[in-house]
Amino acid sequence: MIDSPSNQLVKTLAGLSNIRRRREQRLFLVEGVRAVEDALRAGRYPRIALYDPDALAKTERGSELVRALRRNARHIPNLQEATERAIAGASETQHPQGVVAAYPFVEWQAPTKQDRALVLICDNVQDPGNLGTIMRAAEAAGVTSLVLTPLSVDVYNPKVVRAAMGAHFRLPTFPEVDWGDVPALLESAGVPPERVYATEAGAATEYDRVDWTGPAALVVSNEAHGLSAEARRFAEGAGGFVSIPMAGGTESLNAAIAAAVVLFEAARQRRIAAAPAVAR
């Protein structure tokens, strides 16, 4: 059982809080019972996993995770029992819940044409909590591809990973995509240019006036600075801008809330359109 914070596996995990280390090793940190459980259910296996069997045995969910890790030991090159002290040394959080792991970067195939493609483009979204929440909401709303422009926060930032709640393993995500490459990606997904909309406060078209039932894409922007010049030019040559009407003195919503509001309207429209007609 690993106990020392100076153990090489512990040091490797701890180093993944640093973006340079993550990119060098193409590994990212995943902590906690639910996150590791979600990854295993998605058929994703860690390169390294340290777990405290005593801590995990305190709950049925933790006990089941221990059984799942051991069942899949042949897929995990470095699966080791570890003490609370060692796991704390490897973790980025104060309460890692008895398990911490390093997963390979998730590689996704380029999107293929779909009749109901829904692509979300994050334009320089820089707050880790916002991006993680966006990923969680996007998956729940049925987004088929997530695109991140180069100035967005690193998708494998530990705060993003925690807020995304497993979406990294299920939501096809394409980080660091230059605006010049976005049209080809949208064409691959089957989204025509006129079906690309960007959120902007005060836009004449309200988000629920758009027909979201066919292939479409949504651009949400940086929380503080709004749409980048590249995103604005792209939207002006595409479907245009949509707004979320607000009461009172509120001027804008953060990127995560704005994305969730529009995406769940798209999901609502799609659900209604897909429902069988009621016999009269």
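Just so it is clear, the structure is predicted and the values come from calculations on it, not from any experiment.

### Remarks on helix α3 (residues 33-41)
The element α3 is largely enclosed, with a buried count of seven among its nine residues. Those residues of α3 lying buried are V33, A35, V36, E37, D38, A39 and L40. In this structure, the buried side of α3 is in contact with β1 (27-31), α4 (53-56), α5 (60-71) and β4 (99-104). At the C-terminal side of α3, G43 shows a positive phi close to 80°.

### Points about the packing of aromatic side chains
For the structure on display, the rule yields seven aromatic pairs. With 6.3 Å between their ring centres and 40° between their planes, F28 and Y103 make a pair best called tilted. Note that F28 is positioned in strand β1 and Y103 in strand β4, a separation of 75 residues in sequence. We classify F28 as buried; its relative accessible area is 0%. An angle of 65° between the planes, with centres 5.3 Å apart, marks the rings of Y197 and W212 as edge-to-face.

### Some points on the pairing of strand β10 (residues 216-221)
The buried fraction of β10 amounts to six of the six residues, a majority that puts the element mostly inside the structure. The alternating pattern of β10 places A216, L218 and V220 on one face and A217, V219 and S221 on the opposite face, and all of these are buried. In the sheet, strand β5 (residues 118-123) pairs with β10 via six bridges, with the strands oriented parallel. The partner of D123 across the bridge, within β10, is S221.

Reading guide: rules and limits
- Residues numbered from 1 in each chain as written.
- Predicted model: local features only at pLDDT ≥ 70, side-chain atom pairs only at ≥ 80, totals over all residues.
- Heavy atoms only, no water.
- Buried < 20%, exposed > 50% of the residue type's maximum accessible area, 1.4 Å probe, protein only.
- Helix = DSSP H or I, 4+ residues; strand = E, 2+ residues; numbered from the N terminus.
- Contact = heavy atoms within 4.5 Å.
- Phe/Tyr/Trp six-rings, centres within 6.5 Å; stacked < 30°, edge-to-face > 60°.
- Pairing = 2+ DSSP bridges.

From the geometry alone we can't say anything about function, so treat these as descriptive.
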